[in-house]
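Residue strings, one per chain:
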Amino acid sequence: MRLKPTIFPAGATPLPKGQYRGLLLAGLTTFLLLAPGASAQETTAPAPAMAADTAYIFNTLLFLIGGFLVMWMAAGFAMLEAGLVRSKNVSMQCAKNIALYSIAGLMYWLIGYNLMYTGVDGGYMGSFSLIYDLDPVGLKDADPAALLDTGYSTASDWFFQMVFVATAASIVSGTLAERIKLWPFLAFVVLLTGFIYPIAGSWQWGGGWLSEMGFSDFAGSTLVHSVGGWAALTGAIILGARNGKYQGGRVTPMPGSSIPLATLGTFILWLGWFGFNGASQLAMGTISDVSDVSRIFVNTNMAAAAGVVVTMVLLQLIYKRVDVTMTLNGALAGLVAITAEPLAPSVLQAVFIGGVGGVIVVLTVPLLDRLQIDDVVGAIPVHLIAGIWGTLIVPLSNSETSYGVQLVGILAYGAFTVVASAIIWLALRAIVGIRVSEEEEMIGLDKAEIGVEAYPEFAIN
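Residues numbered from 1 in each chain as written. Predicted model: local features only at pLDDT ≥ 70, side-chain atom pairs only at ≥ 80, totals over all residues. Heavy atoms only, no water.

## A short note on the environment of Gly378
So, step 1. Looking at the secondary structure, you find Gly378 in the loop between helix H12 (347-370) and helix H13 (379-392).
So, step 2. Along the chain, Gly378 and Thr175 lie 203 residues apart, while their C-alpha atoms are 6.8 Å from each other. (Helix = DSSP H or I, 4+ residues; strand = E, 2+ residues; numbered from the N terminus.)

## Description of empty space enclosed by the protein
So, step 1. The full count for this structure, using the stated rule, is 3 cavities of 30 Å³ or more.
So, step 2. The computed volume of the largest cavity comes to approximately 80 Å³.
So, step 3. Every residue lining the largest cavity is counted, 13 residues in all, and those nearest its centre are Phe77, Leu80, Val377, Ala379 and His383.
So, step 4. The set of elements that each furnish at least two residues to the lining of the largest cavity consists of helix H2 (48-84), helix H5 (154-175), helix H11 (324-339) and H13.
So, step 5. Grouping the constituent residues of the lining of the largest cavity by class yields 7 nonpolar, 5 polar and 1 charged. (1 Å grid on protein atoms, 1.4 Å probe; cavity = no way out; pocket = protein on both sides within 12 Å on 5 of 7 lines; lining within 4 Å. Points joined across faces, edges and corners; volume = space filled by probe spheres on them. Nonpolar A, V, L, I, M, F, W, Y, C, P; charged D, E, K, R; others polar.)

## Examining the packing of aromatic side chains
Each aromatic ring pair is characterised by the separation of its centres together with the angle its planes make.
So, step 1. One pass over the structure, following the stated rule, counts 17 aromatic pairs.
So, step 2. A ring pair is formed by Phe164 and Phe276, whose centres lie 4.1 Å apart and whose planes are at 25 degrees; its orientation type is stacked. Here Phe276 lies in helix H9 (residues 259-278) and Phe164 lies in helix H5, a separation of 112 residues in the sequence. Assigned by exposure class, Phe164 and Phe276 land together as buried.
So, step 3. Arranged with centres 6.0 Å apart and planes meeting at 40 degrees, the rings of Phe215 and Tyr413 form a pair that is tilted. Of this pair, Phe215 sits in the loop between helix H7 (209-213) and helix H8 (221-239) while Tyr413 sits in helix H14 (residues 403-431); the two residues are 198 residues apart in sequence, bridging distant segments of the chain. For the pair formed by Phe215 and Tyr413, the shared burial category is buried.
So, step 4. Three or more aromatic residues joined by ring pairs make a cluster, and in this case those are Phe63, Tyr152, Phe160, Phe164, Trp205, Trp273 and Phe276.
So, step 5. Between Lys96 and the ring centre of Phe185, over which it is positioned, the NZ or CZ distance is 4.8 Å. (Phe/Tyr/Trp six-rings, centres within 6.5 Å; stacked < 30°, edge-to-face > 60°. Buried < 20%, exposed > 50% of the residue type's maximum accessible area, 1.4 Å probe, protein only. Lys NZ or Arg CZ within 6 Å of the ring centre and 35° of its normal.)

## Some remarks on the environment of Leu176
So, step 1. Residue placement: Leu176 occurs in the loop between H5 and helix H6 (182-202).
So, step 2. Here the alpha-carbon distance between Leu176 and Leu239, two residues 63 residues apart in the chain, equals 7.8 Å.
So, step 3. In contact with Leu176, not counting residues within four places along its chain, are Lys96, Ala232, Gly235, Ala236, Leu239 and Trp425. (Contact = heavy atoms within 4.5 Å.)

## Things to note about the packing of H5 against H8
So, step 1. Direction vectors running N to C along H5 and H8 enclose 30 degrees, while the axes themselves pass 8 Å from each other. If you check the angle between H5 and H8, you find them roughly parallel. H5 and H8 meet at a crossing whose hand is right-handed. Contacts from Phe164, Thr167, Ala168, Ile171, Val172 and Thr175 in H5 reach Val224, His225, Gly228, Gly229, Ala231, Ala232 and Ala236 in H8.
So, step 2. For the contact of H5 with H8, the class distribution of residues is 8 nonpolar, 5 polar and no charged. (Axes fitted to C-alpha atoms, helices over the stretch in contact; angles between N-to-C directions. Parallel < 35°, antiparallel > 145°, perpendicular 65-115°, else oblique. Left-handed = near helix turned anticlockwise from the far one by under 90°.)

## Some points on the nonpolar core
So, step 1. Ranked by internal contacts, the top residues of the largest apolar core, which has 82 residues, are Tyr108, Phe164, Tyr197, Trp273, Phe276 and Tyr413.
So, step 2. The residues touching Trp273, leaving out its near neighbours within four places in the chain, are Met73, His225, Gly278, Thr300, Leu332, Leu335, Val336 and Thr339. (Core = buried A, V, L, I, M, F, W, Y, C linked by side-chain atoms within 4.5 Å.)

## Thoughts on a nonpolar patch on the surface
So, step 1. Taken together, the side chains of Ile57, Phe58, Leu61, Ile65, Phe68 and Met71 present a nonpolar region at the surface, about 490 Å² in accessible area.
So, step 2. Positionally, Ile57 belongs in helix H2. (Patch = residues over 30% accessible without salt bridge, like charges linked within 9 Å, V, L, I, M, F, W, Y side chains within 5 Å. Areas by Shrake-Rupley, 256 points an atom, 1.4 Å probe, with all protein chains shown as cover. Salt bridge = Lys/Arg side-chain N within 4 Å of Asp/Glu carboxyl O.)

## Some details on H5
So, step 1. Along its 22 residues, H5 runs 34 Å from first to last C-alpha, staying within 8% of the 32 Å computed at 1.5 Å per residue.
So, step 2. The element H5 is largely enclosed, with a buried count of 20 among its 22 residues. (Expected span 1.5 Å × (residues − 1).)

## Quick word on the pattern of salt bridges
So, step 1. One pass over the full model with this rule turns up 4 salt bridges.
So, step 2. Note that Glu178 and Arg242 form a salt bridge whose closest N and O atoms lie 2.4 Å from each other. Pair noted here: Glu178 is in the loop between H5 and H6 and Arg242 is in the loop between H8 and strand S1 (246-247), with a separation of 64 residues, a long-range link.
So, step 3. On the accessibility criterion, Glu178 (1% relative accessible area) is buried.
So, step 4. Among the residues examined, Arg242 registers a relative accessible area of 5% and is labelled buried.
So, step 5. A salt bridge links Asp374 to Arg242; its shortest N-O distance comes to 2.7 Å. Of the two residues, Asp374 is situated in the loop between H12 and H13 and Arg242 in the loop between H8 and S1; the sequence distance between them amounts to 132 residues.
So, step 6. When salt bridges that share partners are traced, they join Arg86, Glu178, Arg242 and Asp374 into one network.

## Quick look at the confidence of the model for the chain
So, step 1. With 84% of its residues at a pLDDT of 70 or more, the chain shows a mean pLDDT of 88.
So, step 2. Across residues 46-50, where pLDDT falls below 50, the model places 7 contacts with residues more than four positions away in sequence or in other chains. (pLDDT = per-residue confidence, 0-100.)

## Digging into unusual backbone geometry
Most peptide bonds adopt trans geometry, and most residues besides glycine take a negative phi value.
So, step 1. Phi at Leu282 is positive, roughly 70 degrees, even though this residue is not glycine.
So, step 2. Tracing the sequence through the fold places Leu282 in the loop between H9 and helix H10 (287-319).
So, step 3. Although it is not a glycine, Lys320 adopts a positive phi angle of roughly 65 degrees.
So, step 4. Residue position: Lys320 is located in the loop between H10 and H11.
So, step 5. Owing to a relative accessible area of 63%, Lys320 belongs among the exposed residues under this scheme.

Rendered as structure tokens:
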């Protein structure tokens, strides 16, 4: 459970700046004494105030490092989507991705952060209060005891939580590519990042009713990825497939613009996932915490690797050739699957969990085509179905959870997100329209929506 930091009361007397420096110096001295090579006689147990001060620094550092790694995933999504859409839609995808990241930040600061925390155990949402403030400059008027009890800075926590919100919105962007209008899509992002995601997140990470039941989702297989996947699936059904994608019972291939770009995007996402899962440990102030973060890194990497290998082997066995785009999605499905519980599994269990993610990609992509659900980048198999799998299998390695409660959480998130998303998509379709015209889709959204001329050879691709 991710707990919101304490708000420091006004009027409290902070420690003098020199004393903060003294505490930091004492913490550094303790670290050096405990370094390899120091004798037992040279080591002493640190004073509680020193230990708390040092933990605060390292915990905050973990959030900041993890946060900018997850922020880098926004670049990964942009590159992946730009590589998997046709050339006439590349600029549109880039514009959508930088816009949705910016909107997510503003909405999560304005209302989402407070809305994500219930304030009481077992609640359903936080408050609708606007504009959450951060710690004062230099921690002026901060209560030192409350500061150390919090464990990390408010700003670092907000930043780390905010980049997760943007990830959920990116999932929707890829699925609905090449036929959705820009501004209605961004209007949906406003509501997704400001309301849908924070309310859903409060049920678990805010100490809400699912947390009280014992539901577990360590880093967001369901809270982030399945929420984004459900919103994307709902939008894809309401929006419809691209023109010409399904004709006469056959699927028309629509190759992307750049496999190297999509591959680069996948590697960037893989890198960012170490921050996504690793920093979700939420602490780096003790030896055990650092050891657990390291374990999470290994399990995350191995699950992704297994997803790739299993996908390639299955493709070769079934189709007698390897598809690169499905292989890339195999890596991402492995990453999504391990995200619900990256700490508890053994390495072998992590390989199994990630490998099943690869199986999901190979089986679900053709299933969606048979249902004529057009998912341009394969986000639904990766984020929704693999997210469900990863959440459901948590009790395999975490004995404190149960399959029944995990299923309740999966169904609750699915029902809430589908209903809320459907209401918004249908309202937008009725009021302003959400799909470009057939002619605009043919010439490409780069020209039709944002005024970028496509090269002549790509005009009808």
